[in-house]
Amino acid sequence: NAGVTQTPKFQVLKTGQSMTLQCAQDMNHNSMYWYRQDPGMGLRLIYYSASEGTTDKGEVPNGYNVSRLNKREFSLRLESAAPSQTSVYFCASSEGRNQPQHFGDGTRLSIL
Amino acid sequence: AQSVTQLGSHVSVSEGALVLLRCNYSSSVPPYLFWYVQYPNQGLQLLLKYTTGATLVKGINGFEAEFKKSETSFHLTKPSAHMSDAAEYFCAVSDRDGTASKLTFGTGTRLQVTL
């Protein structure tokens, strides 16, 4: 009964380092999403995948790449981390169009 | 583009008092609307959703929200606050197009409940 699982939960990087955030869901959902949460700004969509094999940019895609590895897994990659990418990252999934999203517990990422 | 406005970044109520968290949306067509709650160091949990039909929507933990098209509002209420309601609440809107459930979130309202 895991739902959406994100790894790691915490990470500290140095500027310029690369990193991949992992997300997996066990609800057989078609769509998956990556958000970042910053104080006073709510959640902003980085990338999403409407279905396996497709990915699209969200509101704030610059500096990020994604891979929909299979129906269960959707990863987010920072190629060259910058301090402005310090944030809490949430992965979510949904059955599809206009269905509620189910969220993981987040990855807290600090970039020095 | 859609947008969501949550009035009041912080709301404080006494235990047992009415909770009212405000949400207004901007959309060219009636959207799907959601309220989520976030407890410290956790992800977001769905409280309730409006898609079509009855405009008064009941959710978990005694919360409800009313969709008012004429006011473009979807305010969240609870008759009697409990200490366990202290959390951050997010209103979100999803448009009716596309194949995914892309959500636009408000900036959140932190609810404090005092004795």
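Residues numbered from 1 in each chain as written. Chains lettered and ligands numbered in written order. Predicted model: local features only at pLDDT ≥ 70, side-chain atom pairs only at ≥ 80, totals over all residues. Heavy atoms only, no water.

(A) Local environment of the packing of aromatic side chains. Summed over all chains, the structure comprises 14 aromatic pairs over all chains. The interplanar angle of 80 degrees and the centroid separation of 5.5 Å between the aromatic rings of Phe-103 of chain A and Tyr-36 of chain B together place this pair among those described as edge-to-face. On the criterion of chain membership, the pair formed by Phe-103 of chain A in strand β10 (residues 102–103) and Tyr-36 of chain B in strand β5 (residues 32–38) is interchain, its members lying in two chains. In this structure, Phe-103 of chain A and Tyr-36 of chain B share a single accessibility class: buried. Relative to Phe-105 of chain B, the ring of Phe-103 of chain A has its centre 6.2 Å away and its plane inclined at 75 degrees; by these criteria the two rings are edge-to-face. A residue pair is termed interchain when its members come from two chains, as with Phe-103 of chain A in strand β10 and Phe-105 of chain B in strand β11 (residues 103–105). Since its relative accessible area comes to 8%, Phe-105 of chain B is described here as buried. The structure contains a cluster of three or more aromatic residues connected by ring pairs, namely Tyr-33, Tyr-35, Tyr-48 and Phe-103 of chain A together with Phe-34, Tyr-36, Phe-90 and Phe-105 of chain B. (Phe/Tyr/Trp six-rings, centres within 6.5 Å; stacked < 30°, edge-to-face > 60°. Helix = DSSP H or I, 4+ residues; strand = E, 2+ residues; numbered from the N terminus. Buried < 20%, exposed > 50% of the residue type's maximum accessible area, 1.4 Å probe, protein only.)

(B) Quick peek at the pairing of strand β8 (residues 74–78) of chain A. All names here are of chain A. Buried residues dominate β8, accounting for four of its five residues. As judged from the three bridges shared by strand β3 (residues 19–25) and β8, these two strands associate in the antiparallel manner. Paired with Leu-21 across the two strands is Leu-76, which belongs to β8. One ladder, built from five bridges, connects strand β7 (residues 64–68) with β8; its direction is antiparallel. Opposite Asn-65, over in β8, you have Arg-77 as the bridge partner. (Pairing = 2+ DSSP bridges.)

(C) Seen up close, the pattern of salt bridges. Enumeration according to the criterion identifies six salt bridges over all chains in this entry. For Lys-58 of chain B, the salt bridge identified is with Glu-64 of chain B, shortest N-O distance 2.8 Å. For Glu-64 of chain B, a relative accessible area of 23% translates into the label partly exposed. For the salt bridge of Lys-78 of chain B with Asp-85 of chain B, the shortest nitrogen-to-oxygen distance reads 2.8 Å. Residues Lys-78 of chain B and Asp-85 of chain B agree in their burial class; the two are buried. Through salt bridges that share partners, Arg-36, Asp-38 and Arg-44 of chain A make up one connected network. (Salt bridge = Lys/Arg side-chain N within 4 Å of Asp/Glu carboxyl O.)

(D) Spatial organisation of the interface of chain B and chain A. Contacts between chain B and chain A engage 24 residues on the former and 23 residues on the latter. Its largest share of buried area at the contact with chain A, chain B owes to Ser-101, Lys-102 and Phe-105 of chain B, together 25% of the area lost on that side. At four residues, the largest contribution of residues to the side of chain B that touches chain A is made by β5 of chain B. Looking at the side of chain B that touches chain A residue by residue, the classes come out as nine nonpolar, ten polar and five charged. (Contact = heavy atoms within 4.5 Å. Buried area = accessible area lost by both parts, 1.4 Å probe. Nonpolar A, V, L, I, M, F, W, Y, C, P; charged D, E, K, R; others polar.)

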